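Listed here are the chains, written in short residue letters.
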Amino acid sequence: MSETPATERAADLRAVTVGIGDGAAGFGHERGGGVDLATQDMVLNIGPQHPATHGVLRLRLTLDGERIVTCEPIVGYMHRGVEKLFEVRDYRQIIVLANRHDWLSAFGNELGVVMAVERMLGMEVPVRAIWIRTLLAELNRVLNHLMFMGSYPIELGAITPIFYAFRERETIQQVMEEVSGGRMHYMFNRVGGLKEDLPAGWLGRTSAAVAAVRSRLPQIEDLVFGNEIFRARTVGVGVLSPELIHAYGVSGPIARASGVDLDLRRDDPYLAYQELLDDGVLRIVTRSAGDCFARFDVLLEQVKVSLDVADACLTRLHELPQGPVNVRLPKILKAPEGSTYAWTENPLGINGYYLVSRGEKTPWRLKLRTASFNNISVLPQLLEGRVVADMVAILGSMFFVVGDVDK
Amino acid sequence: MNYPSVHLAAEPSLDAFGTDNGWVIALKALLVFVFLVVFTLFNIWFERRVVARMQHRIGPNVNGPFGLLQSLADGVKLALKEDIIPKSADKVVYVVAPALSVIPAFIAWAVIPLGPVVTIPFTDIRTPLQLTDLPVGVLYILAVTSIGVYGIVLAGWSSGSTYALLGSLRSSAQVISYEVAMGLSFVTVFMYAGTMSMSGIVEAQAQNVWFILPLLPSFVIYAISMVGETNRAPFDLAEAEGELVGGFHTEYSSLKFALFFLAEYINLVTVSALAATLFLGGWRAPYPLSLWDGANEGYWPVLWFVGKCLAFIFFFIWLRGTLPRMRYDQFMKLGWKVLIPVSLVWIFGVSIVRVIQNEGGVDQQTLLIIAGVIVALLLASAFIPEKKPADEPAEPAGDFDAFAGGYPVPPMPGQRLPDPVVTVPADASQDQPRSDARDLDAPTNEEQSRG
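Note that this is a predicted model, so its numbers are computed, not measured. (Residues numbered from 1 in each chain as written. Chains lettered and ligands numbered in written order. Predicted model: local features only at pLDDT ≥ 70, side-chain atom pairs only at ≥ 80, totals over all residues. Heavy atoms only, no water.)

Participant: Even after reading the chapter, I still don't get the overall build of chain B, so can you show me in this structure?
Facilitator: A tally of regular secondary structure across chain B gives 14 helices and 2 strands. Here chain B holds 451 residues, and 43% of them are scored as buried. In chain B, 74% of the contacts between residues at least 6 apart in sequence involve partners at least 24 apart. Surface summary for chain B: the accessible area is close to 24,500 Å², and the carbon and sulfur share equals 67%. (Helix = DSSP H or I, 4+ residues; strand = E, 2+ residues; numbered from the N terminus. Buried < 20%, exposed > 50% of the residue type's maximum accessible area, 1.4 Å probe, protein only. Contact = heavy atoms within 4.5 Å. Areas by Shrake-Rupley, 256 points an atom, 1.4 Å probe, with all protein chains shown as cover.)

Participant: What am I meant to see in the overall build of chain A here?
Facilitator: The secondary structure content of chain A amounts to 18 helices and 8 strands. In chain A, which comprises 407 residues, the proportion classed as buried is 56%. Intrachain contacts of chain A at a sequence separation of at least 6 include 71% that bridge at least 24 residues. In the form shown here, chain A has an accessible surface area of approximately 15,800 Å², with 53% of it arising from carbon and sulfur atoms.

Participant: Before we go on, may I ask you to explain unusual backbone geometry in this structure?
Facilitator: For residues other than glycine, phi is negative in most cases, and the peptide bonds are mostly trans. All names here are of chain B. For Phe-122, which is not a glycine, the phi torsion comes out positive at approximately 65°. Within the element layout of this structure, Phe-122 appears in the loop between strand S1 (115-119) and strand S2 (126-129). Residue Phe-122 is classed as exposed on the basis of its relative accessible area, which comes to 88%. Although it is not a glycine, Ser-254 sits at a positive phi angle of roughly 55°.

Participant: Is there a simple way to think about the pattern of salt bridges in this case?
Facilitator: All names here are of chain A. One pass over the structure, following the stated rule, counts 32 salt bridges over all chains. Between Arg-265 and Glu-138 there is a salt bridge, and its shortest N-O distance comes to 3.3 Å. In this pair, Arg-265 is assigned in helix H12 (residues 264-267) and Glu-138 in helix H6 (residues 127-155), connecting sequence segments 127 residues apart. Glu-138 shares its class with Arg-265; the two are buried. Measuring nitrogen to oxygen at the nearest pair gives 3.0 Å for the salt bridge that ties Glu-168 to Arg-216. Taken together, the residues Glu-168 in helix H7 (residues 161-180) and Arg-216 in helix H8 (residues 202-225) connect sequence positions 48 residues apart. Given a relative accessible area of 0%, Glu-168 falls into the buried group. Residue Arg-216 is classed as partly exposed on the basis of its relative accessible area, which comes to 22%. A single salt-bridge network, built from bridges that share partners, covers Glu-138, Arg-141, Arg-256, Asp-263, Arg-265 and Glu-345. (Salt bridge = Lys/Arg side-chain N within 4 Å of Asp/Glu carboxyl O.)

Participant: How should the nonpolar core be read in this particular structure?
Facilitator: Counting 128 residues, the largest nonpolar core has Leu-59, Leu-61, Leu-136, Leu-240, Met-391 and Met-398 of chain A as the members making the most contacts within it. For this core, the two domains that each supply at least three residues are domain 1 (5-74) and domain 2 (82-406) of chain A. Aside from chain neighbours lying at most four places away, what touches Leu-59 of chain A is Leu-44, Asn-45, Ile-46, Cys-71, Glu-72, Pro-73, Leu-379, Leu-383, Met-391 and Leu-395 of chain A. Grouped together as the second largest cluster of nonpolar side chains are 76 residues, Val-189, Phe-190, Tyr-192 and Met-198 of chain B included. (Core = buried A, V, L, I, M, F, W, Y, C linked by side-chain atoms within 4.5 Å. Domains from an automatic or database assignment.)

Participant: Help me understand the packing of aromatic side chains in this model?
Facilitator: The description of an aromatic ring pair rests on the distance of the ring centres and on the angle between the ring planes. All names here are of chain A. Enumeration according to the criterion identifies 34 aromatic pairs over all chains in this entry. Ring geometry for Phe-225 versus Phe-293: centroids 5.6 Å apart, planes at 65°, classification edge-to-face. In this pair, Phe-225 is assigned in helix H8 and Phe-293 in helix H14 (residues 292-319), connecting sequence segments 68 residues apart. Taken as a pair, Phe-225 and Phe-293 share a single burial class, namely buried. (Phe/Tyr/Trp six-rings, centres within 6.5 Å; stacked < 30°, edge-to-face > 60°.)

Participant: Explain the packing of helix H7 (residues 216-229) of chain B against helix H9 (residues 254-279) of chain B here, please?
Facilitator: How two helices pack is summed up by the angle between their axes together with the distance between the axes. All names here are of chain B. Where H7 contacts H9, the two axes come as close as 11 Å, and the packing angle between them is 175°. In this view, H7 runs roughly antiparallel relative to H9, as classed from their interaxial angle. Across the interface between the two elements, Ser-218, Phe-219, Tyr-222 and Met-226 of H7 pack against Val-271, Leu-274, Ala-275 and Phe-279 of H9. Residues of the contact of H7 with H9, tallied by class, amount to 7 nonpolar, 1 polar and no charged. (Axes fitted to C-alpha atoms, helices over the stretch in contact; angles between N-to-C directions. Parallel < 35°, antiparallel > 145°, perpendicular 65-115°, else oblique. Nonpolar A, V, L, I, M, F, W, Y, C, P; charged D, E, K, R; others polar.)

Participant: How should the sheet that holds strand S8 (residues 365-369) of chain A be read in this particular structure?
Facilitator: Consider a sheet: its strands pair through backbone hydrogen bonds, and that pairing is either parallel or antiparallel. Residues and elements named next belong to chain A. As summarised here, the arrangement of the 3 strands in space is S6-S7-S8, forming an open sheet in which the pairing is antiparallel. Of all the strands in the sheet, the pair left with one neighbour each is strand S6 (338-346) and S8. Shown here is a sheet whose adjacent strand axes are inclined to one another by a mean of 10°, direction ignored. With 9 bridges joining them, S6 and strand S7 (residues 349-357) adopt antiparallel strand pairing. Bridging across to S7, Ala-342 finds its partner in Tyr-353. (Pairing = 2+ DSSP bridges.)

Participant: Help me understand a nonpolar patch on the surface in this model?
Facilitator: Residues and elements named next belong to chain B. Residues Phe-66, Leu-68, Leu-69, Leu-72, Val-76 and Leu-80 make up a contiguous nonpolar surface patch of roughly 610 Å² in combined accessible area. When you line up the elements, Val-76 lands in helix H2 (residues 70-79). Among the residues examined, Val-76 registers a relative accessible area of 46% and is labelled partly exposed. (Patch = residues over 30% accessible without salt bridge, like charges linked within 9 Å, V, L, I, M, F, W, Y side chains within 5 Å.)

Participant: Looking at this structure, I do not really get the sheet that holds strand S3 (residues 67-74) of chain A. What am I missing?
Facilitator: Across the sheet, which stays open at both edges, the 3 strands sit in the order S1-S2-S3 (chain A) with antiparallel pairing between neighbours. Two strands in the sheet have a free side with no partner beyond their single neighbour: strand S1 (42-46) and S3 of chain A. On average, each strand axis in the sheet is inclined to that of its neighbour by 20°, with strand direction left out of account. With 5 bridges joining them, S1 of chain A and strand S2 (residues 58-64) of chain A adopt antiparallel strand pairing. Across the sheet, residue Met-42 of chain A finds its bridge partner in S2 of chain A, namely Leu-63 of chain A. In the packing of helix H17 (residues 388-397) of chain A onto the sheet, the strands contacted are S1, S2 and S3 of chain A, and the crossing angle to S2 of chain A comes to about 150°. Where helix H5 (residues 162-193) of chain B meets the sheet, its contacts fall on S1 and S2 of chain A, and the angle it forms with S1 of chain A comes to roughly 110°.

Participant: What am I meant to see in helix H3 (residues 91-107) of chain B here?
Facilitator: Residue and element names in this part refer to chain B. Here H3 spans 25 Å end to end across 17 residues, near enough to the 24 Å set by a 1.5 Å rise per residue. At Ala-97, H3 is deflected by roughly 25°, the largest bend along its length, and proline Pro-98 occurs up to four residues later in sequence. Inspection of H3 places Tyr-94, Ala-97, Pro-98, Ser-101, Val-102, Pro-104, Ala-105 and Phe-106 among the buried residues, and these make up the whole buried set. Looking at the buried side of H3, the elements it contacts are helix H1 (22-54), helix H4 (137-158) and H9. (Expected span 1.5 Å × (residues − 1). Bend = angle between axes of the 7 residues up to and from the residue.)

Participant: Is there a simple way to explain the domain arrangement of chain A in this structure?
Facilitator: Buried accessible area, meaning the area lost when the parts come together, often serves as the stated size of an interface. Residue and element names in this part refer to chain A. In terms of domains, chain A is made up of domain 1 (5-74) and domain 2 (82-406). Placing the centre of domain 1 and that of domain 2 at their C-alpha centroids yields a distance of 39 Å. Tallying the contact residues gives 17 residues for domain 1 and 18 residues for domain 2. Here domain 1 and domain 2 share an interface that buries about 1,500 Å² over both sides, 73% of which is from carbon and sulfur atoms. Interface area lost by domain 1 to domain 2 is led by His-54, Leu-57 and Ile-68, which between them contribute 37%. The interface formed by domain 1 and domain 2 contains 0 salt bridges. Across the contact surface, domain 1 and domain 2 share 3 residue pairs in polar contact (both at pLDDT 80 or more). Taken together, the elements giving at least two residues each to the side of domain 1 that touches domain 2 come down to S2 and S3. In terms of residues, the side of domain 1 that touches domain 2 owes the most to one element, S3, which gives 6 residues. Among the residues making up the side of domain 1 that touches domain 2, the classes are represented as 11 nonpolar, 4 polar and 2 charged. (Buried area = accessible area lost by both parts, 1.4 Å probe. Polar contact = N/O pair within 3.5 Å; in protein donor to acceptor, adjacent residues only side chain to side chain.)

Here you go:
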């Protein structure tokens, strides 16, 4: 061979580049003007304990001054091996485990499990239970979104909106607590229906709660949305393109804020959503900007829609005759051999359970697909080239729960 | 000491100062110190109560009447905490920094006038309620408070922590740029008062109107820059607990942290006192009260002065309860591209008006008309859209020469690196390409058959 192979020449090139200036040797990124002014990038660990990470997400940032050169999310600090634990629990116990990976949408998490098992069993759920489930799922969505509507301004430095949001959360949590006994982990779903029927007079109190939240929602809106600084911090920041959303499997409000119009409540209807959709009560909220502001805007709009849906469910429950809310189950509950995939539109995005059973009383495998994991994995794409202050704005607008990331 | 015999006509005399005997000076210094410490404790409580009200909460109400002793209890507890010095810290600077931050905060109060000349009770000694005054009192405050910034910068640098370093970097840039805007907003006050001494400025406002009325733009600029100067929300970028954990004081604990905290709250009072003195007539009673002759005599003015300071502090708290934090670059943009140019134009305008008034050439009405026209023009200019920078035309994508000029260079915009040549094993092409595009969520037939 007379010619130098291209690969070898490329290696030479690289060696020459690194060799310029001793001051630059060994630095990952050379910047600045030459040998004397070569600067070293700073590595900043955001987390695992940091106020902006809502828990133990860790971002390893390489900074050039305040600008982010690279970002590497490191997950797993809260990994509990929940999928393995599912395999040694029977279907009643799994609900307890499954409702807490995303601790802000416990009801939605329970729903996926019971729907998967019911589908495997070919079980018919009483109509009253379906409507109650829909109602509670939507109230749960409101609770979840209100949490983020309060915590996101905190990350941007506004300390007041969270107290407004928590007042509304408290109002709804009270009715949720009354019906289920739990304030976060409701444990109200059972395979085949619900734990028990609604308490007497609960429908009226829930109507009042929904009305109260709806009437006070404009206060949060005025406090945050009209604010110049809030807009300056969020509009045009962290724009997520539909291509990236498809590539990373981002879902939920974040995807819809970028114009990716996917909502399982409409696209793969479960519970009573088809009927609500036909009535025009359930509207799918989308925005096209794809920036932090659009994501936050979707959240607010979804709260309004969810409150409307909750009202429609309440009206319906008033009309429905009394009846059973669950199905009598055998002492030992076994799902027949086979597999199924149940996915639901959780408040944060698509939440799926892939259930494989070999006819035992425990699943052979229960794969958990969580929204936050995919939503967080797109972060490096969004953060590179932004400043640290934007990092917080973008991270906060990805609306994640660390338990949902780490499972 | 004799002053030069040539005086400007408008300059009030500083004769009342520098005549105190030793123990009076010591007493006044002690009282200023005590006042600041107690007022800080009060302000912490005040802030917590007010913010709590804004957030549908109650706030501290258990310790002492109305919870007033809460901050005292917190302070004692803070002082008893373990004092930690990080291993990677530069120890000397790390220890000196809090002192460097808190000492200037105290000594800035040497020239702040709290009241008129009073008689000390049980004696015949008459003395002004001000430790001392200088012909350049305001400049003294500017100088001293900017030393306090060194405390923040050095604290962040010496902590040996990334967050602290970022915080101190931000803080230094922030305070330097806002000090310029702040200084410029004082210039018009000096023009109207004819003096830089604090007591002289109060005196000038007694003969005239309060300077907030003729110099409203200066006051607005000062009000914005004083928030930036004190690192308070919405300009608390140096601390930014959501981003930088605690900013420059992340690594500090116990008394050293308490000193930073103390310095922040004293600075809060200092800028409020400065605003009250320069624009709101200092210790002089506000309008309806000023009709009473005794309002500006004896110890009453201290009350008016503290009241004015509290009004500003309430404003600070209100901002904190309402606004999110600005981003660093937006904040710098506000300072350099808005506040400083507006200040300069305003100073220019005020100096023209002052010259015309002093010459006595034009009457009041004509001046007002000219001012109205200028304001209208400025308002109109605010509606002219900002020119967007034209997109740079894309470079013609020439061939990439890795050795252009004889040494290795990166590709120019529009050029791309040649694809690396990948050596493919001879048998690789026979394998079927693996499909990675499979939807991970939807079960495939293969997986379903596994059950």
